Structure formats: C-alpha cells, structure tokens
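Single-letter residue listing:
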Amino acid sequence: MSYRIGLVGKPSVGKSTFFNAATMNDVPEGAYPFTTIDPTVGEAYVRVDCAAPEFDETCTPSVGVCREGTRFVPVKLVDVAGLVPGAHEGRGLGNQFLTDLNETDVLIHVVDFSGKTDIEGEATEGHDPREDIDFLEAELDAWYLDVLEKGVEKFETRYHGADAAIEAELADQMSAFGIDKDRMKRVILAEGLELDPETWDETDRTELAREIRKRTKPMVVAANKMDTPEAQANWEEITTDPDYDHLSFVPSSAHAEKALKNADEAGVVDYTPGESGFDIVGDVSGEQEAGLDQIAEFVGEYDGTGVQGALEAAVFDVLGCIAVFPGSANGSKDEKGVFRDCFILPAGSTTEDFAYHIHSDIGEGLLHGTDCRSGRQVGTDRELSHRDVIELVSTKQAAP
C-alpha cells in the first residue's frame with residue numbers, strides 16, 4: 001500500500017505544475033479556474049538512503065529506482081480539484097472536493113507566495129498568502145465541525161440520560177477521518193473538555209473540530225514561486241508568524257523542478273531530484289544557460305527546488321513514517337533479487353506490523369524477526385526504526 005498525498009491549492013497557483021514536476025505526468029496547466037476537474041493520481045517518490053551499500057551489495061528495486069545510493073520509493077500523489085472559498089457549502093466542486101480530499105493521508109497545500117493571485121485565483125499584485133492558508137484551514141474546519149455537530153446531535157437524541165460514551169458516537173460519526181474512540185477521547189480531554197457535550201459551548205465545538213482536523217489531516221505548505229523576490233519577502237514574514245507554528249513550510253519552485261527534469265530527460269543536465277545542484281552536460285544556447293544559471297542560484301540557496309522536499313516533509317516529518325527493508329539471513333538477498341523492496345510504514349510499527357504489511361500469511365505465522373545489521377533476534381513487538389533491515393522468520397510463506 002502506498003501512502004496518498006493530497007495536493008491542494010486554489011486555481012492558478014502552480015498546483016498542476018507541481019503535480020507534473022513531481023510525477024512527470026502530462027496534466028493540463030493553465031492560469032484559469034479548474035484546470036484540473038477530476039482528481040488525478042500519479043506516482044511520485046520519496047528518498048531513502050539505500051541499505052544495500054552497507055552490505056556490499058547493489059540493489060535491484062522491484063519498484064522505483066536507486067541512484068547512487070539513494071532509493072526513490074513510490075507514493076501516490078493525488079491532484080485534488082475544486083478548492084474555492086465556500087467549498088464546504090457546495091461552492092465550486094463542493095462535496096466532491098472534500099470527498100476526494102478525505103481519501104488522502106496528508107496534504108500538501110500549494111500556495112503562491114509571490115502574492116500574484118487573489119483568493120479566487122485571478123491575477124493581482126500584493127495579495128497576502130496568509131489568506132490562502134487561512135481559507136483552506138477554515139474550509140476544512142467548517143467541514144469537520146459540520147460532521148462533529150451531527151455526531152453530537154445523534155448522541156443527544158439517542159442517548160439522552162443513558163449511560164453512553166460521547167467519544168464512541170463521535171468516532172463512529174467521524175470514522176471516515178480515520179479516528180477511533182480512544183483517540184477521540186484523548187483529543188477531547190486534551191482540549192480540556194468534559195466527556196459530556198452538554199457542557200460544550202459553540203467555541204468548544206469549533207476548537208474541538210479544528211484539533212481533530214489538525215491531527216487527522218496534517219498539512220505541509222509548499223511555498224511556491226519562491227524564485228521571485230516577492231515570495232522571498234513574504235516567506236520571512238509568514239514563517240515567523242506564531243499563528244502558523246502548527247504548519248510545516250517548504251520553499252519551492254515547481255517551475256524550476258519541471259525545467260530540470262525536462263532538461264535531464266533531454267540529456268542537457270545531469271540532475272537527481274531533490275539535490276541542491278546539477279551539472280550541464282549538453283549543448284545549450286546562451287539563453288538556456290542564463291535560465292539554468294538562475295535555477296542553479298535558486299536551488300543552491302534553498303537546498304533544492306522544494307518539490308521533493310515537500311513530498312518528504314509530508315511523509316517523514318508530518319506523518320512520521322519510517323522506511324524498512326526486508327532482508328534475509330545475510331542481510332540482503334532473497335530468491336528474487338537483492339534489496340528488491342523498501343516499504344513505508346507508520347510511525348511506531350512493530351516487527352509484527354511489518355510482517356502483516358508484507359502479507360497476512362507471514363504475519364499469522366510470524367515467530368520473530370532478525371536485525372540483519374547486528375544479526376540479533378528481535379521480538380514480534382519490537383518497534384522498528386527508520387531504515388531497519390529485518391528478516392522475518394515465519395512458519396508460513398506468502399501465497400503466490
């Protein structure tokens with residue numbers, strides 16, 4: 001199973017360019033509303049230092065690719081259409097936008113940090129990017145609040161005076177957001193509320209909905225068009241604003257990433273996605289060289305174009321995922337190849353979770369694991385770490 005990253009943003013901010021740069025898919029781009037109408041799903045990649053060199057091996061990935069010891073592991077990138085103010089009330093693509101959004105694990109909000117598109121995505125000057133950040137969060141909060149209110153109403157109607165748990169009712173009502181009753185209870189108590197909705201006022205419910213949203217639909221802001229002076233000025237002001245401490249920001253230029261990937265495919269430059277530099281290896285005109293020099297200055301200043309950085313911030317920093325390599329007794333090989341697989345797992349995953357992730361049969365017959373670096377046996381409940389290489393010892397093999 002690949003994690004699904006939802007790519008959101010108002011029209012004309014470079015969202016489709018970001019998607020194309022990340023996936024190299026041919027999605028229409030344009031400075032007009034709803035360039036993307038239906039959600040488009042593509043394959044993007046996150047980088048992991050390959051374990052193979054530690055075992056004097058050269059990996060043979062079954063999916064993705066490995067370049068000079070850097071493994072590119074696939075994730076799903078979903079270009080979600082229809083973000084406009086009032087989406088939760090049905091404006092724009094309305095409920096379809098919210099439904100598509102909810103099928104993702106984490107969000108990347110592409111924001112035009114140059115301030116050259118207004119709240120509707122029309123060309124302007126001097127627009128404050130904070131308005132874009134605020135309106136997406138407001139749309140999501142209103143959506144969550146509406147679902148929460150329905151859960152409270154059902155609880156009060158069904159269980160008035162009865163011995164029932166509000167956290168169970170709300171978890172059932174909001175199950176599509178991936179929250180269970182135990183987690184719901186923790187959120188309610190963390191907000192300083194009683195487990196009795198009759199004691200909650202309007203502000204309590206609004207803040208509770210917002211906190212549930214922040215925990216179940218985490219977000220990275222891709223500060224796009226950072227290769228402009230206007231965006232760079234806005235960056236300093238916005239990223240030091242304490243109102244946005246709960247968000248992760250990544251400076252980015254989707255245009256630069258796409259230009260470099262196109263040039264790499266054409267044999268003009270040698271570029272590895274996510275790197276802070278590249279080499280010109282082909283013939284270029286004076287104009288092309290000047291353009292590449294500008295990109296080189298930008299990626300050197302910001303440690304890359306930010307497209308790869310935003311993907312990895314979403315998966316590893318915000319979701320807290322880890323990458324785990326399955327190994328065999330010698331730490332690397334199986335009958336099909338060498339270090340063929342690398343799996344992205346949730347934070348806190350155990351040896352048993354890893355076994356079931358690969359196949360239910362292996363999980364059901366799991367005896368223990370082996371840490372292939374140390375050669376030591378590890379228990380089924382051992383919590384795994386990023387880049388572990390684990391052999392799974394099971395009484396069952398995966399079904400063919």
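Residues numbered from 1 in each chain as written. Predicted model: local features only at pLDDT ≥ 70, side-chain atom pairs only at ≥ 80, totals over all residues. Heavy atoms only, no water.

Labelled according to an unreviewed UniProt entry, the protein appears under the name OBG-type G domain-containing protein, originating from Halorubrum sodomense.

Glancing now at the nonpolar core. Within the largest apolar cluster, 52 residues are counted, with the highest numbers of intra-cluster contacts made by Phe113, Met174, Ile212 and Phe249. Broken down by element, the residue count for this core peaks at 9 residues, all from helix H3 (residues 129-159). Looking at this core, you find at least three residues from each of domain 1 (4-48 + 74-127 + 218-317) and domain 2 (137-214). Sequence-distant contacts of methionine 174, that is, excluding residues within four places in its chain, are made with Tyr144, Val147, Leu148, Ile179, Met184 and Ile212. Within the second largest apolar cluster, 41 residues are counted, among which are Val73, Ala222, Leu311 and Phe316. (Core = buried A, V, L, I, M, F, W, Y, C linked by side-chain atoms within 4.5 Å. Buried < 20%, exposed > 50% of the residue type's maximum accessible area, 1.4 Å probe, protein only. Helix = DSSP H or I, 4+ residues; strand = E, 2+ residues; numbered from the N terminus. Domains from an automatic or database assignment. Contact = heavy atoms within 4.5 Å.)

With that settled, the discussion passes to the pattern of salt bridges. One pass over the full model with this rule turns up 26 salt bridges. Between glutamate 312 and arginine 47 there is a salt bridge, with its nearest N and O atoms 2.8 Å apart. Taken as a pair, glutamate 312 in helix H10 (residues 307-318) and arginine 47 in strand E2 (residues 40-49) lie far apart in primary sequence, 265 residues in all. What makes arginine 47 partly exposed here is its relative accessible area of 24%. Among the salt bridges present, the one from arginine 210 reaches aspartate 141, with a minimum N-O distance of 2.8 Å. Linking arginine 210 in helix H6 (residues 202-216) with aspartate 141 in helix H3, this pair joins segments that are 69 residues apart in sequence. Owing to a relative accessible area of 14%, aspartate 141 belongs among the buried residues under this scheme. It is possible to trace a salt-bridge network through shared partners that takes in Asp128, Arg130, Glu237 and Asp241. (Salt bridge = Lys/Arg side-chain N within 4 Å of Asp/Glu carboxyl O.)

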